[in-house]
Amino acid sequence: MENQIKHQLNRKQNGSQEKLPIKIVQFGGGNFMRGFTDYVIDQLNKKAGFNAGIVNVQPTQGGSVHKLEEQDNLYTLFSRGIKKGEIIDTKQVISAIQKSVNPYTHYDEFLALAKEEELEFIFSNTTETGIAYDESENNYAGPHKNFPAKVAVLLHERFKHFKGAEDKGLRIIPCELIEDNALALKEIILKYAKLWNLEEGFVQWVEQNNYFHNTLVDRIVPGYPKDDAETYEDQLDYEDRMMVVSEVFLLWVIQEAGNLKARIPFDQINEQILVVDDIQPYRLRKVRILNGGHTLMLAPAILSGKETVKESVDDPFIGQFLRDTIFNEVNPTLGLDESEIKDFADEVFDRFRNPFIKHYQASIALYFVSKFKVRILPSLLGYVDINQKLPLNLTFSLASLIRFYNGSLGEKPLPLNDEESVVNRFREIWENEDHEQVAALALRETAFWDTDLTQVDGLTSAVAKALWEIDHHDMETAYQNFIQFNS
């Protein structure tokens, strides 16, 4: 298509001229939302007759909703990855967004959204810092910079316009990566109601006639492929400046309230979208298996000379080490349905092997100790409680972390990227040449682990043995010797 003059993506040329009723107001039209929620709604429209249009509201003054408007709010989504061992590589035009609004330049247009007759949902992804209270937003009159303040105004305008009608409340479904995200947002909205001296009837309407759904979301959406744009452009017969690339995997867990299942036919599309009474088990498996998988293989992989997650998982030693650890030492501590966590773990390995995403181990090493404490340590201690013995792979992973913080492997510096206090303390610990002493000092450092790990029976001597092996052999030999010694 080198010599072809391409037209800009638009609804007339694309045949996407249907006018959908506005049922969703969305705060945040960045890569994640376009590769996640907008994709889901588009699938619901095309496969389940959901018939829902989205209005995309620009969350910050520096946003770029005008770029979407210039191509009629259409964009191409490339979904690439591995699913059940098969490579998936697809593309589609997403047409669910009907309109994009900049509330900083068109505030009246933003307020008018409150009057949309069929409006039923608010989605958001304004980053983890978006759900926050700003007491300087003490004036009801906008435009507001603060995201919860925008939602509070929109809800109040709807309350006034429909005179507090019970059936005009909304379902708020935030996708920010914080625990209890919807409840946190609700609490701040009510703070603004108090700050602005809004009527008590509005507060009651928010409490009784609007539903706030906590969520857990999971999908890697790298976004616009700036490093390889030409390869993607060559697959299109139109110009698209807003195309998005995402992985194939998608998980959306939403807390049930007000019979959400009856309002959105999620079960009619082939995606992992779960409406449940309790999202905590799903959060647990994500933290321990997905995030934990990254963390527990990090030090063994880097000390083996592996640079990316895919390279690590494809390596016969690291890949088998990771699989054995997750299936034999992590999963049994979770107390969840065995078949469900097995399926989830298999999906995690597909994601780790994704040939289209380069995930560098060095980037995962950021705040390594605190990640290990949250993601791995509960599995290690849980295994000890259940089995009254050490999980050898998790113990070897912990020893590898301690060795990693030595700071170098031979002449090669290691990618330490942690708080200065952590790095400095490990430097002091490694001034000792005796591995038993190093293990004891590192494990009893409660600033790292929030507990004295030398109190775990046998852990200190096991870690010391692993450290000695790592310092005298390559990683695979060190591991095999460590396992043989402790078997």
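Everything in this summary refers to the structure shown in the same document. On a predicted model such as this, the values are computed, not experimentally measured, just so you know.

## What about the overall build of the protein?
For the protein, the count of helices and strands is 23 helices and 16 strands. Against the globule reference of 23 Å for 487 residues, the protein gives a C-alpha radius of gyration of 26 Å, in line with a compact fold. Overall, the protein is about 75 × 65 × 40 Å in size when its C-alpha atoms are taken along their principal axes. When each of the 487 residues of the protein is scored for burial, the buried share is 55%. Within the protein, contacts between residues at least 6 apart in sequence are counted, and of these 75% link residues at least 24 apart.

## Thoughts on the pattern of salt bridges
If you walk through the whole model with that rule in mind, you get 20 salt bridges. Two residues, Arg351 and Asp218, come together in a salt bridge whose shortest N-O distance is 2.8 Å. Highlighted residues: Arg351 in helix 14 (residues 338–352) and Asp218 in strand 10 (residues 215–218), separated in sequence by 133 residues. Judged by relative accessible area, Arg351 falls into the buried class, the value being 10%. With relative accessibility at 7%, the residue Asp218 sits in the buried group.

## Looking at the sheet that holds strand 13 (residues 251–255)
A sheet is described by the order of its strands in space; here three strands give the open sequence 10-13-14, paired in mixed fashion. Looking at the sheet topology across the chains shown, the edges are occupied by strand 10 and strand 14 (272–276). Within the sheet, the average angular offset between the axes of one strand and its neighbour, ignoring direction, is 10°. Two strands pair when backbone bridges link them, and strand 13 and strand 14 are joined in this way by five bridges, in the parallel orientation. Bridged to Gln255 within strand 14 is Val276. Set on the sheet, helix 11 (residues 280–303) makes contact with strand 10, strand 13 and strand 14; between it and strand 10 the angle comes to about 30°.

## Some details on the side chain of Ser400
Note that Ser400 resides in helix 18 (residues 392–404). Once residues within four sequence positions are removed from consideration, Ser400 is found in contact with Ala299, Pro300, Leu303, Ile470 and Met475.

## Topic: the packing of helix 22 (residues 459–472) against helix 23 (residues 475–486)
One can describe the packing of helix 22 onto helix 23 by two numbers: an axis separation of 8 Å at closest approach and a directional angle of 145°. Regarding helix 22 and helix 23, the two cross each other, and that crossing is right-handed. Here Ala462, Lys465, Ala466, Glu469 and Ile470 of helix 22 lie close against helix 23, whose contacting residues are Met475, Ala478, Asn481, Phe482, Phe485 and Asn486. For the contact of helix 22 with helix 23, the class distribution of residues is seven nonpolar, two polar and two charged.

## Some points on the packing of aromatic side chains
Following the criterion strictly, the structure yields 31 aromatic pairs and no others. Between Phe159 and Phe202, the ring centres sit 5.6 Å apart and the planes meet at 65°, which makes this aromatic pair edge-to-face. Of this pair, Phe159 sits in helix 6 (residues 147–161) while Phe202 is found in helix 8 (residues 200–209), placing the two residues 43 residues apart along the sequence. Overall, Phe202 belongs to the buried group, its relative accessible area being 0%. Seen from their ring centres, Phe159 and Trp205 are 5.6 Å apart, and the 55° between their planes marks the pair as tilted. Note that Phe159 is positioned in helix 6 and Trp205 in helix 8, a separation of 46 residues in sequence. Note on Phe159: relative accessible area 13%, which makes it buried. One aromatic cluster in this structure is built from Phe32, Phe36, Phe50, Phe121, Phe123, Trp252 and Phe266. One cation-aromatic arrangement involves Lys191 over Tyr133; the distance from NZ or CZ to the ring centre is 4.9 Å. One Lys or Arg, Arg323, reaches over the ring of Phe349 and ends 5.0 Å from the middle of that ring.

## Some points on the pairing of strand 3 (residues 53–57)
Within strand 3, five of the five residues are buried, which leaves the element mostly enclosed by the surrounding structure. Here strand 3 shows two buried faces, one formed by Gly53, Val55 and Val57 and the other by Ile54 and Asn56. The sheet contact formed by strand 2 (residues 22–27) and strand 3 spans five bridges and is parallel. Of the residues in strand 3, the one forming a bridge with Val25 is Val55. Summarising the sheet, strand 3 and strand 6 (residues 97–101) pair through four bridges and their orientation is parallel. The partner of Val55 across the bridge, within strand 6, is Lys99.

## Digging into unusual backbone geometry
In this structure, Pro143 follows Gly142 across a cis peptide bond, with omega equal to 5°. Structurally, Pro143 is set in the loop between strand 7 (121–124) and helix 6. One non-glycine residue, Gln388, adopts positive backbone phi at about 55°. Summarising the element assignment, Gln388 is placed in the loop between helix 17 (377–387) and helix 18.

## Brief notes about helix 18
The end-to-end C-alpha separation of helix 18 is 18 Å, in line with the 18 Å expected for 13 residues at 1.5 Å each. For helix 18, the tally of buried residues reaches 13 of 13 residues, placing the bulk of the element in the interior.

Scoring rules and cut-offs
Residues numbered from 1 in each chain as written. Predicted model: local features only at pLDDT ≥ 70, side-chain atom pairs only at ≥ 80, totals over all residues. Heavy atoms only, no water. Helix = DSSP H or I, 4+ residues; strand = E, 2+ residues; numbered from the N terminus. Rg over C-alpha atoms; globule rule 2.2 N^0.38 Å. Buried < 20%, exposed > 50% of the residue type's maximum accessible area, 1.4 Å probe, protein only. Contact = heavy atoms within 4.5 Å. Salt bridge = Lys/Arg side-chain N within 4 Å of Asp/Glu carboxyl O. Pairing = 2+ DSSP bridges. Axes fitted to C-alpha atoms, helices over the stretch in contact; angles between N-to-C directions. Left-handed = near helix turned anticlockwise from the far one by under 90°. Nonpolar A, V, L, I, M, F, W, Y, C, P; charged D, E, K, R; others polar. Phe/Tyr/Trp six-rings, centres within 6.5 Å; stacked < 30°, edge-to-face > 60°. Lys NZ or Arg CZ within 6 Å of the ring centre and 35° of its normal. Expected span 1.5 Å × (residues − 1).

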